[in-house]
Amino acid sequence: MRFVLAIVAFVVAALMIGYGVAQRTILAEPDRVTLSTTVDSDATVTVIDGATLNAFEGSQTLTVSGPGEVFAAYGRTSDVLAWVGDTTYTAVSRDPETGELVSETVTGAETEVPDPNGSDLWLDDYSKDEDLTLTVNVPEDISFLIASDGVEPAPADLSIAWPIDNSTPWAGPLIVGGAIVLLVGIGFLIWAIHHMRSTRGPRRKMPKVPKKPVYKPARKPVESAASGRRRGMIAVPIALVSLLALSGCSPDFWPGGNGSAPTPAPSASVPAGSELRPPAVTVRQVERIVARISAVAAEADENRDAELLKTRFDGPALELRLANYTIRGLDPSAAALPAIPEGPVRVTLPQQTDTWPRTVLAVIQDDKDATIPPVALILEQPDPRSDYKVTYAITLEASAVIPDLAPASVGAARLPADTGLLSTAPNALAEAYGEILMEDVDADSYLDFEAEGDTLRTSVGLDAKNQLRGSLPTTASMTFTNGPGPGDTIALATNDAGAIVAVNLLEATTVAPVEAGAAINPTGQVKTLSGIAVSQKGVVATYSDQLLFYVPPAGSDGKIILLGYSTGLVTATEIG
């Protein structure tokens, strides 16, 4: 009976272990589902929409191949289509009836697009020669753009793969259970053999004729072959059981294991059901954009390359830097403007918008030199295919405290320049502050602005202007005027219903002779930029101020605070 139990145990163990192993081998399901297609079109762009990318759950592995460079980028679907514009493109989607990928040509008026590589619009982009494979986890409002260089047809071979949960939760219990049954069978076998030998009883032996004793040297006992076989019989099953038990340790082998389910990646979109418009950019986009701007500014500053600078600067920030290039070209000893740090970006406040133009506030702190004050950049993108440009580059005051802002994933509204929601309309700030620089306490708006921590008043305010007047000879006069500059007024809302506002103020200083025969002798940068050593007419020097304010909400007792400024000479000419 013991032998029968052992045989039954061995058979059951073999079946359990065999079926458990088969579940992970010959009976295993595929670990992914893949859809493929070859696009038969000469369109320079292919778009894969978010619904297709999310046809199955889990992360998406996209494989693209074709001759030459293969480029892939993803962004919000509305942004991708806005970038494509009125260009013929191929739309790839999943046929709900057949379940296969299908393509459709969407005809437009144009056949080519700019090179998409390096566009600021993409949440991320990738490129490689001939074939490209990448894995992402994007929501349904995100689409992929596939292209080459914008002129050649887009790569034709596409495939999308999704992971499938092919875990076998009963493989582990079957293998381990079979191993336990195998051990039980081995126990029955050993018990049966031992019982059989112990129940044989004594046997009669025929007496033998005594022989003459022969002396033999003692020999070392040798283990019997039967004993060695028994130990081998025991050792091999134990090793086999250990191996089988260890093979079932993977979570895929057990009920409740995680299997190969992907971990969802954070979405760059606004949560479903939200009435807010999405933010213009993500933090990662801003970090990439700022790094590109920093590299362009560094190269342009070093070589005084105006054309290169214009690819990333505009408005008051461009005007001030171009004037500095001219001054440095005429006077090599003149100092360059402060560099644009490449990061890290400490504050990101994008505009809430799904249209153009778009605005972003970014505050950068140089992590290599703590003595360099933070720089606030106002970035603007005029259309989907254009890069963001710096329109204001403002050095923050040492005492500046940035008010509470919305998180970058939400963004802020850009307020109209004439909004009545603030204590002072944004388009009135430049004139009001300019009046303070001219009249100080006699200005009508003096009490509306915070004087403490405002170092610009100290350097170019009324007292500083009076000192300059006093330094002139009696044969000359100095007059000051100021007013709003050509730069756009930009206001982004803060959490307390106030706003951060960037404005441009132009200050003109005119020095003219007051007596016949008298002459003016410009000095410093005014002399360098004007190219005038002596003038009997007089000289007008114009300075551009880039100003960043915090403006409290209407009805608040708070004061307008100057958060930072950048100022410099932009023109110097002889009075006509």
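Here goes a summary of the coordinates provided.

Cut-offs used in this document
Each chain carries its own residue numbering, running from 1 in the written order of its sequence. Given that the model is predicted, a residue must reach a pLDDT of at least 70 before its local features are reported, and side-chain atom pairs must reach 80 or more before they are shown or counted; all residues, however, enter totals for whole chains, interfaces and linings. Hydrogens are left out, water is left out, and the side-chain values use all remaining heavy atoms of the structure. The rule is simple: put a 1 Å grid over the protein atoms alone, call a set of points where a 1.4 Å probe fits but cannot get out a cavity, call an open set with protein on both sides within 12 Å along at least five of seven lines a pocket, and count a residue as lining if it has an atom within 4 Å of a point. Grid points are joined across faces, edges and corners, and a volume is the space filled by probe spheres set on the points. Secondary structure elements are taken from DSSP: a helix is a run of H or I of four residues or more, a strand is a run of E of two residues or more, and numbering for both begins at the N terminus. Throughout this entry, Asp, Glu, Lys and Arg are counted as charged residues, while Ala, Val, Leu, Ile, Met, Phe, Trp, Tyr, Cys and Pro are counted as nonpolar. The remaining residues, Gly among them, count as polar. In this scheme, a residue with accessible area under 20% of its type's maximum is buried, one over 50% is exposed, and one in between is partly exposed, where area comes from a 1.4 Å probe on protein chains only. Residues enter a nonpolar core if they are buried and are Ala, Val, Leu, Ile, Met, Phe, Trp, Tyr or Cys, with the set joined through side-chain atoms within 4.5 Å. We call two residues in contact whenever any of their non-hydrogen atoms come within 4.5 Å of each other. Any Lys or Arg side-chain nitrogen located within 4 Å of an Asp or Glu carboxyl oxygen qualifies as a salt bridge. When the centres of two rings from Phe, Tyr and Trp lie within 6.5 Å, Trp using its six-membered ring, the rings pair. Their planes under 30 degrees apart give stacked, over 60 give edge-to-face, and anything left gives tilted. Two conditions define a charge located above a ring, namely a distance within 6 Å from the ring centre to NZ of Lys or CZ of Arg, and an angle within 35 degrees of the ring normal.

1. Comments concerning the layout of surface pockets
Then, in step 1: Considered as a void within the structure, the largest pocket measures approximately 650 Å³ in volume.
Then, in step 2: Every residue lining the largest pocket is counted, 29 residues in all, and those nearest its centre are Leu468, Met478, Thr509, Val511 and Tyr543.
Then, in step 3: Within the residue set of the lining of the largest pocket, elements represented by two or more residues are helix 10 (455–460), helix 11 (462–470), strand 13 (476–484), strand 15 (499–513) and strand 16 (539–551).
Then, in step 4: In terms of residues, the lining of the largest pocket owes the most to one element, strand 13, which gives five residues.
Then, in step 5: Of the residues belonging to the lining of the largest pocket, the class tally is 18 nonpolar, eight polar and three charged.

2. Quick notes on empty space enclosed by the protein
Then, in step 1: In this structure the tally under the stated criterion is one cavity of 30 Å³ or more.
Then, in step 2: Quantified by volume, the largest cavity comes out at close to 50 Å³.
Then, in step 3: When its residues are assigned to classes, the lining of the largest cavity shows five nonpolar, two polar and four charged.

3. As for unusual backbone geometry
Then, in step 1: Looking along the chain, the bond that leaves Gly343 and enters Pro344 is cis, with omega of 0 degrees.
Then, in step 2: Looking at where Pro344 falls in the secondary structure, it is placed in the loop between helix 8 (315–330) and strand 9 (345–350).
Then, in step 3: In this structure, Glu130 is a non-glycine residue whose phi angle is positive, near 70 degrees.
Then, in step 4: With respect to the helices, strands and loops of the structure, Glu130 is situated in strand 6 (residues 124–136).
Then, in step 5: Unlike most non-glycine residues, Ala497 shows phi in positive territory, near 75 degrees.
Then, in step 6: Take Ala497: it is sitting in the loop between strand 14 (490–493) and strand 15.
Then, in step 7: Judged by its relative accessible area of 47%, Ala497 is partly exposed.

4. Thoughts on the nonpolar core
Here is a general trend for soluble globular proteins: nonpolar side chains tend to be buried in one another's company.
Then, in step 1: The biggest cluster of nonpolar side chains holds 24 residues, and the ones touching the most others in it are Phe313, Leu377, Leu379 and Val390.
Then, in step 2: Breaking this core down by element, the ones donating at least two residues are helix 6 (283–303), helix 8, strand 10 (358–364), strand 11 (375–381) and strand 12 (389–396).
Then, in step 3: Ranked by residue count, the leading element in this core is helix 6, at six residues.
Then, in step 4: Setting aside its immediate chain neighbours within four residues, Val390 contacts Ile293, Arg312, Phe313, Asp314, Ala317, Leu377, Ile378 and Leu379.

5. A word on the pattern of salt bridges
Then, in step 1: With the rule as written, the count across this model stands at 13 salt bridges.
Then, in step 2: Where Asp120 meets Arg292, a salt bridge forms, and the shortest distance between an N and an O atom there is 3.0 Å. Taken as a pair, Asp120 in the loop between strand 5 (101–106) and strand 6 and Arg292 in helix 6 lie far apart in primary sequence, 172 residues in all.
Then, in step 3: With a relative accessible area of 1%, Asp120 lands in the buried category.
Then, in step 4: Since its relative accessible area comes to 22%, Arg292 is described here as partly exposed.
Then, in step 5: For the salt bridge of Asp301 with Arg321, the shortest nitrogen-to-oxygen distance reads 3.0 Å. With Asp301 in helix 6 and Arg321 in helix 8, this residue pair connects regions lying 20 residues apart in the sequence. Both residues of the pair, Asp301 and Arg321, count as buried.
Then, in step 6: Each of the salt bridges in this network shares a partner with another, and the network as a whole consists of Asp120, Arg292, Arg312 and Asp387.

6. Section: the packing of aromatic side chains
Then, in step 1: Scanning the entire structure with this criterion turns up six aromatic pairs.
Then, in step 2: Note on Tyr74 and Phe144: the rings are 5.4 Å apart at their centroids and 50 degrees apart in plane angle, and the pair reads as tilted. With Tyr74 in strand 3 (residues 60–76) and Phe144 in strand 7 (residues 142–147), the pair connects residues that are 70 residues apart, well separated along the chain. Comparing Tyr74 with Phe144, the two get one shared label, buried.
Then, in step 3: Taken together, the aromatic side chains of Tyr433, Phe449 and Phe549 make up a single cluster linked through ring pairs.
Then, in step 4: Arg358 extends its terminal NZ or CZ atom over the ring of Trp356, reaching a point 3.8 Å from the ring centre.
Then, in step 5: Directly above the aromatic system of Trp83 lies the positively charged group of Arg385, at a separation of 5.4 Å from the ring centroid.

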